[in-house]
Amino acid sequence: MKRIIKSMEDRYLDISAQFVEDVFADSEGKESAKTVRQLVLEIRSKRFYLPELELVMVNEMDHMIGYAMFSRFHLEGKYENELLLLSPVAVKTELQRQHISKDIIEYGFDKAVQMGYKAVIVEGNPKNYRARGFQTSAAFGIRAGKAVSLPSPECLMVKELVKGTLPHIKGVVDYSDYESLA
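Structure report, in brief.

Conventions adopted
- Residues numbered from 1 in each chain as written.
- Predicted model: local features only at pLDDT ≥ 70, side-chain atom pairs only at ≥ 80, totals over all residues.
- Heavy atoms only, no water.
- Core = buried A, V, L, I, M, F, W, Y, C linked by side-chain atoms within 4.5 Å.
- Buried < 20%, exposed > 50% of the residue type's maximum accessible area, 1.4 Å probe, protein only.
- Helix = DSSP H or I, 4+ residues; strand = E, 2+ residues; numbered from the N terminus.
- Contact = heavy atoms within 4.5 Å.
- Phe/Tyr/Trp six-rings, centres within 6.5 Å; stacked < 30°, edge-to-face > 60°.
- Axes fitted to C-alpha atoms, helices over the stretch in contact; angles between N-to-C directions.
- Parallel < 35°, antiparallel > 145°, perpendicular 65-115°, else oblique.
- Left-handed = near helix turned anticlockwise from the far one by under 90°.
- Nonpolar A, V, L, I, M, F, W, Y, C, P; charged D, E, K, R; others polar.
- Pairing = 2+ DSSP bridges.

## What to know about the nonpolar core
Among the nonpolar cores identified, the biggest contains 35 residues, and Tyr67, Phe73, Leu75, Ile121, Val173 and Tyr178 are the most heavily contacted of them. Those elements that provide at least two residues to this core are α1 (13-28), α2 (30-44), β2 (54-59), β3 (64-72), β4 (83-91), β5 (119-123) and β8 (156-160). By residue number, the principal contributor to this core is α2, which donates five residues. Beyond its immediate stretch of four places on either side in the chain, Ile121 contacts Phe73, Leu83, Leu84, Leu85, Leu86, Phe134, Ile142, Leu156, Met157, Val158 and Val173. One finds Ala68, Val89, Ile105 and Tyr117 within the second-largest nonpolar core, a separate group that totals 24 residues.

## Notes on unusual backbone geometry
In this chain, Ser87 is followed by Pro88 through a cis amide linkage whose omega measures -5 degrees. Summarising the element assignment, Pro88 is placed in strand β4. Even without glycine at this site, Arg97 takes up a positive phi of about 70 degrees. On the secondary structure map, Arg97 appears in the loop between β4 and α3 (100-114). The phi dihedral of His99 is positive, around 70 degrees, even though this residue is not glycine. In this fold, His99 is placed in the loop between β4 and α3. Residue His99 is classed as exposed on the basis of its relative accessible area, which comes to 54%.

## Structural notes on the packing of aromatic side chains
Across all of its chains, the model carries five aromatic pairs by this definition. Relative to Phe109, the ring of Phe70 lies with its centre 6.1 Å away and its plane at 70 degrees, an arrangement referred to as edge-to-face. In this pair, Phe70 is assigned in strand β3 and Phe109 in helix α3, connecting sequence segments 39 residues apart. Residue Phe70 is classed as buried on the basis of its relative accessible area, which comes to 1%. Aromatic side chains Tyr129 and Phe134 sit 5.7 Å apart centroid to centroid with 85 degrees between the ring planes, which places their arrangement in the edge-to-face category.

## Re the packing of α1 against α2
α2 packs onto α1 with a crossing angle of 150 degrees between their chain directions and a minimal axis gap of 7 Å. In terms of axis orientation, α1 runs roughly antiparallel to α2. In this structure, α1 meets α2 at a crossing whose hand is right-handed. Packed against α1, whose contacting residues are Leu13, Ser16, Ala17, Gln18, Val20, Glu21, Phe24, Ala25 and Glu28, the element α2 presents Lys30, Ser32, Ala33, Lys34, Val36, Arg37, Val40, Leu41 and Arg44 at the interface. The residue makeup of the contact of α1 with α2, split by class, is nine nonpolar, three polar and six charged.

## A few points about the sheet that holds β5
Reading across the sheet, the seven strands line up as β1-β2-β3-β4-β5-β8-β6 and stay open at both edges, with mixed pairing between neighbours. Strands at the two margins of the open sheet, each flanked by one partner only, are β1 (3-7) and β6 (135-136). Sheet analysis places β4 next to β5, joined by three bridges and oriented parallel. By the bridge assignment, Leu84 is partnered in β5 with Val120. Most of the contacts of α2 go to β3, to which it runs at about 50 degrees, and overall it touches β2, β3 and β4. Where α3 meets the sheet, it contacts β1, β2, β3, β4, β5 and β8, and its direction lies at approximately 35 degrees from that of β3.

See below:
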């Protein structure tokens, strides 16, 4: 199967939002899926949105098989031009465990570096992200705010895209800019 990664195009806007909702409904339930879809739509409407880093992977028939969104992120009003949030990531349920998320995320890392970004933060299962170079963010002075509920501190992770960046980025993760996460 041929796999093609593309930055967001108008024709994929609605399809990708539905794709993300469907994938999350399969894995985490309908309520969580609606929240994730709302997050996608909300990020698109804010200054954090980077259409070049909203990525879709399609097959040779132009059917979506993977999705990842990187958007600008800040810690306490700082680092917005250096730090990205990776969320959400979705792979068609029956194609999971075939390196689709790996390929699309690593493509995003390369594109982010070309655009001048230096680090990426993600919230998720460490088993899914450690292989991509993510480390527990608390080890670098980046911690979850009081309103951010995590199963464990290890679920908030960061990856350095440019060597030597993380010692200079510190602060509290706060999702108050996102109504869908409040």
